[in-house]
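One-letter residues, chain by chain:
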Amino acid sequence: MSDHTVVHVKGRVLVGPEDVRDELWIVGGRVTYDRPPGSGDVLTVQGWALPGLVDAHCHVGLDRHGPVDDATSEKQALADRDAGTLLIRDAGSPSDTRWIDDREDLPKIIRAGRHIARTRRYIRNYAHEIEPGDLVAYVAREARRGDGWVKLVGDWIDRDAGDLTACWPRDAVRAAIAEAHRLGARVTAHCFAEDSLRDLVEAGIDCIEHATGLTEETIPLFAERGVAIVPTLVNIATFPALADGGEGRFPVWSAHMRRLHERRYDTVRSAYDAGIPVFVGTDAGGSLPHGLVAAEVAELVKAGIPPLEALSATSWGAREWLGRPGLTEGEPADLVVYGTDPRADVGVLAEPLRVILNGRIVG
């Protein structure tokens, strides 16, 4: 396929949940709905087309031990791409992956910089580990280094308490979030438990990752403030194994993790029912492999989110939330083609027929 090949996508083009068209054309790597005049080489692709999928919680350049080399980062990005994920919000990585931006065959990445955690309160080699007095300065640093997002670690196991506890005082997060917003960045935070959520939301946070600690008391607050969640249910599935591993040293923590896991689907459905924005994220790149976006969409449906809304959470809605285009006239042609209608069965997402990135068929 040469750079001059015109691609004609025929069948059903899902521009939006209800905006369905019969065809689109890709000319010069960009979307058009106008038949190009006198086109030469034309490659026809048939099926059901969606905007390139979004993984809104992913980590390229990271594995369970910390930063990885560029070759490993490339493999991670390719695994996501071949699964149909063409836009990633990288929710914290210690690696410099800016070189990926120069590769037209790899997914586009929106970076949150490096995680910011409390000293000795997160996974080793992942984060800047600091004390509250330095939080504003580090948030400002990562806001300048990232692509409009900053990632905090809102809670983690406190070995003295033997359970999950909040990492930051209320005043510290309020000042830090205000500084990020002043610099034009949004803020998200890793949160498993209940304790940190009210302080973070009232401090003005924009998103919470995992959000397994949502309760009847905090769900209305999230809904009122429009704070989004990215549940990462494929990651929450690992909680029982983690709990088993920590049972001997931290029995209270282990029991807490099991409770959070047991109510995970009810938590997500209650959040959705309350009007909280929910988006797809896999948390790939730590202990999980890349390319799990279809599995996460299926988990949201299992939790009780309507299939069309779960689909939007990785396509139209997710792109709008992140400020990136879908299948819009003149925009880069990033799309995935399937054999049947993914609105009828989200399981189709696991079997893309064609992946088209920047107008070129890459998978």
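Just so we're clear, the structure is a prediction, and the values are computed from it rather than from any experiment.

1. Side note on the side chain of Thr32
No. 1: Along the polypeptide, Thr32 turns up in strand E3 (residues 30-32).
No. 2: Looking at Thr32, the relative accessible area reads 11%, which means it is buried.
No. 3: Side-chain polar atoms of Thr32 contact the side chain of Glu329, separated by 2.8 Å.
No. 4: When neighbours within four sequence positions are excluded, Thr32 is seen to be in contact with Leu24, Trp25, Val27 and Glu329.

2. Describing the packing of helix H2 (residues 135-145) against helix H3 (residues 170-182)
No. 1: Relative orientation of the contacting elements H2 and H3 amounts to 25°, with a least axis distance of 9 Å. Between H2 and H3, the interaxial angle falls into the category roughly parallel. Handedness of the H2/H3 crossing: right-handed. Judged by residue contacts, Leu135, Val136, Val139, Ala140 and Arg144 of H2 engage Ala172, Val173, Ala175, Ala176, Glu179, Ala180 and Arg182 from H3.

3. Points about the pairing of strand E4 (residues 42-51)
No. 1: In this structure, strand E1 (residues 6-14) lies alongside E4, joined through eight bridges in parallel fashion. In the sheet register, Gly11 faces E4, and the bridge partner there is Gly47.
No. 2: Pairing analysis gives four bridges linking E4 to strand E18 (residues 335-338), with the strands arranged antiparallel. Bridge pairing in E18 links Ala49 to Val337.

4. Description of the nonpolar core
No. 1: Ranked by size, the top nonpolar core spans 79 residues in total, and within it Leu135, Ile205, Ile208, Phe222 and Leu300 carry the most contacts.
No. 2: In terms of residues, this core owes the most to one element, H3, which gives five residues.
No. 3: Beyond its immediate sequence surroundings of up to four residues, Leu135 is in contact with Ile116, Ile130, Leu152, Trp168, Ala172, Val173 and Ala176.

5. Looking at the environment of Arg225
No. 1: With respect to the secondary-structure elements, Arg225 resides in helix H5 (residues 219-225).
No. 2: The class of Arg225 is partly exposed, set by a relative accessible area of 41%.
No. 3: What Arg225 contacts, discounting residues up to four positions off in sequence, is Val201 and Glu202.

6. With respect to the sheet that holds E3
No. 1: Reading across the sheet, the seven strands line up as E3-E2-E1-E4-E18-E19-E20 and stay open at both edges, with mixed pairing between neighbours. Both edges of this open sheet fall to E3 and strand E20 (360-361), since each of them pairs with a single strand only.

7. Section: the pattern of salt bridges
No. 1: Summed over all chains, the structure comprises 23 salt bridges.
No. 2: A salt bridge links Arg258 to Asp244; the nearest nitrogen and oxygen atoms lie 2.8 Å apart. Here Arg258, found in helix H8 (residues 251-262), pairs with Asp244, found in helix H7 (residues 239-246); they are 14 residues apart in sequence, far enough to count as distant.
No. 3: On the basis of relative accessibility, which here comes to 26%, the residue Arg258 falls in the partly exposed class.
No. 4: Across the pair Asp341 and Arg343 runs a salt bridge, and its minimum N-O distance is 3.1 Å.
No. 5: Its relative accessible area of 25% is what places Arg343 among the partly exposed residues.
No. 6: The network of salt bridges with common partners includes Arg98, Asp101, Arg111 and Asp147.

Thresholds applied
Residues numbered from 1 in each chain as written. Predicted model: local features only at pLDDT ≥ 70, side-chain atom pairs only at ≥ 80, totals over all residues. Heavy atoms only, no water. Helix = DSSP H or I, 4+ residues; strand = E, 2+ residues; numbered from the N terminus. Buried < 20%, exposed > 50% of the residue type's maximum accessible area, 1.4 Å probe, protein only. Polar contact = N/O pair within 3.5 Å; in protein donor to acceptor, adjacent residues only side chain to side chain. Contact = heavy atoms within 4.5 Å. Axes fitted to C-alpha atoms, helices over the stretch in contact; angles between N-to-C directions. Parallel < 35°, antiparallel > 145°, perpendicular 65-115°, else oblique. Left-handed = near helix turned anticlockwise from the far one by under 90°. Pairing = 2+ DSSP bridges. Core = buried A, V, L, I, M, F, W, Y, C linked by side-chain atoms within 4.5 Å. Salt bridge = Lys/Arg side-chain N within 4 Å of Asp/Glu carboxyl O.

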